Amino acid sequence: MTAAREAGQAPLVSVVLVNYKGADDTIEALRWLREVDWPQASLQLIVVDNDSQDGSEAAIRQAAPFAEVYQSGDNLGFAGGCNFGVRQAQGEFVGFINSDAKPDPAWISAALEAFAEDPLIAVVASRVLSWDGDEVDYDDAMMTWFGMGAKPVSELSDESDPLPAKDVLFATGSAMFVRTEFFRRTGGFDERFFMFYEDADFGWRTNILGHRVRYAPASVAYHRHHGAMRKFGDFREMFLLERNALLCLYKNLDDDLLRTVFGGAVALAVRRANARADEQVAIEQGRQRRPAQGVLEGGSLTSSSDRPGEHKVRLSSPFAIDDFVQLLPELAVERQRLQAERTVDDAVVVGLFRDPTNPLVNLPRYCQAHDFLVQVLGVDQAMSGHGRVVVVTDDVISDKMAGPAIRAWEIATALSRVCEVRLVSMTAASLKQGPGFDVVFARGDDIRRHIEWGSVLVFQGNLLAKMPWIIQTDRIIVADIYDPFHLEQLEQARDLGPIKRIDGVASANRSLNQQIGRADLMLCASDKQRAFWLGQASLLGRQNLATTRQFGGLEQMIKVVPFGLSDARPVQRRHGIRGSVPGIGPQDKVILWGGGVYNWFDTLTLVRAVAQLAQRHDDVRLFFMGLKHPNPAVPEMRQAWQLRQLSDELGLTDKHVFFNSGWVPYERRADVLLDADVGVSTHYEHLETAYSFRTRILDYLWAGLPIVATTGDSFGNVLDSEGIGIGVPPEDVDALAQALETLLYDPEAAAAARANVARFAKQFRWSKVLEPLIEFCRRPRPAADLALRRLDDQVMLAPPLVTDVKRDLGLFVDYFKAGGMSMVVSRMKGRIRKARRR
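Keep in mind it's a predicted model, so treat the numbers as computed, not measured.

**Side note on the overall build of the chain**
A tally of regular secondary structure across the chain gives 33 helices and 28 strands. When the 838 residues of the chain are sorted by exposure, 57% land in the buried category. Counting only contacts in the chain whose residues sit at least 6 apart along the sequence, the fraction spanning at least 24 positions is 76%.

**Things to note about the sheet that holds strand 23 (residues 589-593)**
Read from one edge of the open sheet, 6 strands run 25-24-23-26-27-28, paired in parallel fashion. The strands lining the two open edges of the sheet, one partner per strand, are strand 25 (657-659) and strand 28 (725-728). Sheet twist, expressed as the mean angle between neighbouring strand axes with direction ignored, is 20°. Here 3 bridges tie strand 24 (residues 620-624) to strand 25, and the two strands are oriented parallel to one another. Note on strand 25: the bridge partner recorded for Phe-623 is Phe-658.

**A look at the packing of aromatic side chains**
Summed over all chains, the structure comprises 24 aromatic pairs. On the numbers, 4.7 Å between centres and 35° between planes, the contact of Phe-93 with Phe-115 is tilted. With a gap of 22 residues between them, Phe-93 in strand 4 (residues 93-97) and Phe-115 in helix 5 (residues 107-115) connect regions that are remote in the sequence. One exposure class covers both Phe-93 and Phe-115, and it is buried. Where Tyr-250 meets Phe-324, the ring centres are 5.7 Å apart and the plane angle is 80°; that geometry is what we call edge-to-face.

**Things to note about the nonpolar core**
Among the nonpolar cores identified, the biggest contains 114 residues, and Val-15, Phe-96, Ile-108, Trp-145 and Trp-204 are the most heavily contacted of them. Per element, the largest residue contribution to this core is 9 residues, and it comes from helix 8 (residues 234-252).

**Notes on the environment of Leu-613**
Structurally, Leu-613 is set in helix 21 (residues 603-614). A residue is classified by how much of its surface remains accessible, and Leu-613, at 0% relative accessible area, is buried. Along the sequence, Leu-613 and Gln-738 sit 125 residues apart, while their C-alpha atoms lie 8.3 Å from each other. When near neighbours in sequence (up to four residues on either side) are disregarded, Leu-613 contacts Val-620, Ala-737, Leu-740, Glu-741 and Leu-744.

**Topic: the confidence of the model for the chain**
Model confidence for the chain is summarised by a mean pLDDT of 85, while 84% of its residues fall at 70 or above. Within the model, pLDDT remains below 50 along residues 287-305, and this stretch shows 31 contacts once partners closer than five positions in the same chain are excluded. pLDDT under 50 marks residues 790-806. Its contacts with residues more than four places away, or in other chains, come to 29 contacts.

**Comments concerning the sheet that holds strand 20 (residues 476-480)**
The strand order across the open sheet formed by 8 strands is 17-18-16-15-19-20-21-22, and the pairing between neighbours is mixed. Every other strand in the sheet has two partners, leaving strand 17 (433-434) and strand 22 (558-560) as the edge strands with one partner each. Bridging between strand 16 (residues 419-425) and strand 18 (residues 437-441) involves 4 bridges; their strand directions are parallel. The residue of strand 18 that forms the bridge with Leu-423 is Val-439. Packing of helix 30 (residues 771-778) onto the sheet brings it into contact with strand 15 (387-393), strand 16, strand 19 (456-459), strand 20, strand 21 (521-524) and strand 22, and relative to strand 20 it is tilted by some 170°.

**Looking at the environment of Lys-151**
The residue Lys-151 is located in the loop between strand 9 (149-150) and strand 10 (166-167) in this model. Residue Lys-151 is classed as partly exposed on the basis of its relative accessible area, which comes to 33%. Between the C-alpha atoms of Lys-151 and Val-136, which are 15 residues apart in sequence, the distance is 9.4 Å. Contacts of Lys-151, omitting those with residues within four sequence positions, involve Asp-137, Tyr-138, Asp-140 and Thr-172. Side-chain polar atoms of Lys-151 contact the side chain of Thr-172, separated by 3.5 Å.

**A short note on the packing of helix 8 against helix 9 (residues 255-285)**
Contact pair helix 8 / helix 9: the axes reach a minimum separation of 10 Å and the direction vectors enclose 175°. Classified by the angle their axes make, helix 8 and helix 9 are roughly antiparallel. Taken together, the residues of helix 9 that come into contact with helix 8 (itself represented by Met-238, Glu-242, Leu-246, Leu-249 and Tyr-250) are Leu-258, Phe-262, Ala-265, Val-266, Ala-269, Arg-272 and Arg-276. Tallied by class, the residues present in the contact of helix 8 with helix 9 amount to 9 nonpolar, no polar and 3 charged.

**Section: the pattern of salt bridges**
Considering all chains together, one arrives at 43 salt bridges under this definition. For Asp-167, the salt bridge is made with Arg-212, and the minimal N-O distance between the two is 3.1 Å. One end of the pair, Asp-167, is in strand 10; the other, Arg-212, is in strand 12 (residues 212-223), and 45 residues separate them in sequence. Pair check on accessibility: Asp-167 and Arg-212 agree, each one buried. Notably, a salt bridge pairs Arg-542 with Asp-785, separated by 2.7 Å at the nearest N-O pair. Residue Arg-542 is found in the loop between helix 19 (527-539) and helix 20 (545-551), and its partner Asp-785 is found in helix 31 (residues 784-788); the two are separated by 243 residues along the sequence. Connected through salt bridges with shared partners, the residues Asp-190, Arg-192, Asp-201, Arg-205, Lys-251, Glu-330, Glu-334, Arg-337 and Glu-341 form a single ionic network.

About the criteria used
Residues numbered from 1 in each chain as written. Predicted model: local features only at pLDDT ≥ 70, side-chain atom pairs only at ≥ 80, totals over all residues. Heavy atoms only, no water. Helix = DSSP H or I, 4+ residues; strand = E, 2+ residues; numbered from the N terminus. Buried < 20%, exposed > 50% of the residue type's maximum accessible area, 1.4 Å probe, protein only. Contact = heavy atoms within 4.5 Å. Pairing = 2+ DSSP bridges. Axes fitted to C-alpha atoms, helices over the stretch in contact; angles between N-to-C directions. Phe/Tyr/Trp six-rings, centres within 6.5 Å; stacked < 30°, edge-to-face > 60°. Core = buried A, V, L, I, M, F, W, Y, C linked by side-chain atoms within 4.5 Å. pLDDT = per-residue confidence, 0-100. Polar contact = N/O pair within 3.5 Å; in protein donor to acceptor, adjacent residues only side chain to side chain. Parallel < 35°, antiparallel > 145°, perpendicular 65-115°, else oblique. Nonpolar A, V, L, I, M, F, W, Y, C, P; charged D, E, K, R; others polar. Salt bridge = Lys/Arg side-chain N within 4 Å of Asp/Glu carboxyl O.

See below:
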């Protein structure tokens, strides 16, 4: 029990049971509810007697004086009885449990823990087992294209390996929880259903309204199967199932899918009833099922008077269809209202159907018709359940990829398992296909058709600044701001002179403001980064009541999705350094610099530390994995030139310090990483460092390498506390040399670091770090504050912050010196084109 509950602060939970001629079951369920792990003072037990007229009401009142018993005055069905009970509820949450079920002690507490995960979780689905707990009755939900819901059959899992929590289409009414306010606001269960599929309809409605139904495996109930249904005949059950399936479809499908499948669903309902009746006849006569011509012999319906049970089964679907038509005028009004309020596309919702083309009934004649309709109507394609996501990067997609391209590639790979994905590079793409997605190169107006193809746009870099028309589209936009490139510009543009440096930083700020101002979701690399972006987003007005209501706070709109590492273990197919790089032998001690060399890194202190080490250890080797960035738009920086100069001056080049002048292909990086003994990353102390997330460190973790790095960034500050390496102060040659020496030449220290790296690295698997993005793309939704107001165009499309004459004159001089009047004219034309695009 949590401290809050012990202190009497547990929220009030109301539990509703509907009784119909089952007092003994209901009394037993109430007694079990008295045993749950929840304060009785915070528990309201409500029983609705559905006009049993068998003494149930009095019996329950006498046996369970702690419960509130209400008489409905009529048999309202399960749906109406539950709604009646919720009208009496005082709790913040309402639980529903069948009268022939019993709760596990943690049934309530586990459900409320699930609600706490996200304010958008409006319904929690309990796990339901058989009464003895030896069979699974519910641990997932399935919906078919013809409107019948089901619970997929699954084996009882080992308790030591609990089933995962997940989003589902609907909870089972036999054991579930709702937020009381949401249930009332959305109309509760549709009482026209009476019983059967009212829970499926409510869950489906919850999803299309942009809320979540969350399966909570620790919230368990035990159920006697269909105890209440013994009071009804087969015809009544089949009639309700057939009619309510059509109700579910008509109310909840969008126009396109409804037009595609509804006619087929009606036809299939008739075939299903006939096939069931044929099966009943065959069983009764103790012979095989009738011939395919069915019930007609000599042009007349045979044996209807001799077999009244068969006749009722055969008519269950026609009666259901007729009743649906009778309800159609009022259904049409409700459908129009519901579809106008929907915020989630069917392309996303049908992803929760699990197995939409499952025929459910295993009768050959019926299955033949089902399969034919699926093929003719194109149900497989219509119910694919894949939203369309476009991932856009400024970086080069090729066999040699840098961090931004790798991140975009891994995002596309992960999302392709749940969505239809297209990866677009605006620079170059030599690869045309990824694992489950297409790769394209596009720029300019060609980008438009790709963005219009998708419903969700995930991007990094300056896309909105280059193509501001995207801001005005209705696409759901995910801004990947894991790289605070305005802080990078403070260092990267240092060599360009003060005017260009000011302009570069201002341009980066404008670009990021556009992204933060328009995004429906933002991704960052760490909690520290999120706090940083929260400040910038708040200044742009994104901290508001609408955001708080939708996400529970702006911080939930900025998801921590760090750079990740491959789920597959690295495999070395050949040596990438030892024996491959002249001067580095099999027994040498190899220090690896795993990435590019940029102005914010301090490679000079590292080279001096290696020079110091080399005086004591002739076998020390430092290998720089790549100096030439694969993206031609990324210039070689001053730091890279100074690095080569210093190495040459100290006489280290090709003796103790080695350079790969190109770039290691992404698929071959393991060959290099697994040849190293230690991974290293050193940087200067400045603002970029404070909010950076060094992606090269992830490669070291993937390869199991001990790490030496400068303190100050996300990883440098945890090396010592996590035991995965050694952190050193910035620009401290002696401390850096000592740390490298320890991890290179102390076997025990190196072994301990490797063991800790193996443990620490698990949290950064791509499959884990991308979970927030995958979850969002399963059910993308626009940010509420953007739907309520369009951000001011002056904020979204702001002119440059530095537009004074002095700046322009400075640029004129720089351009004239670099390329004469022709370059000045060319730059002027470029600025005019950009202004027109705005």
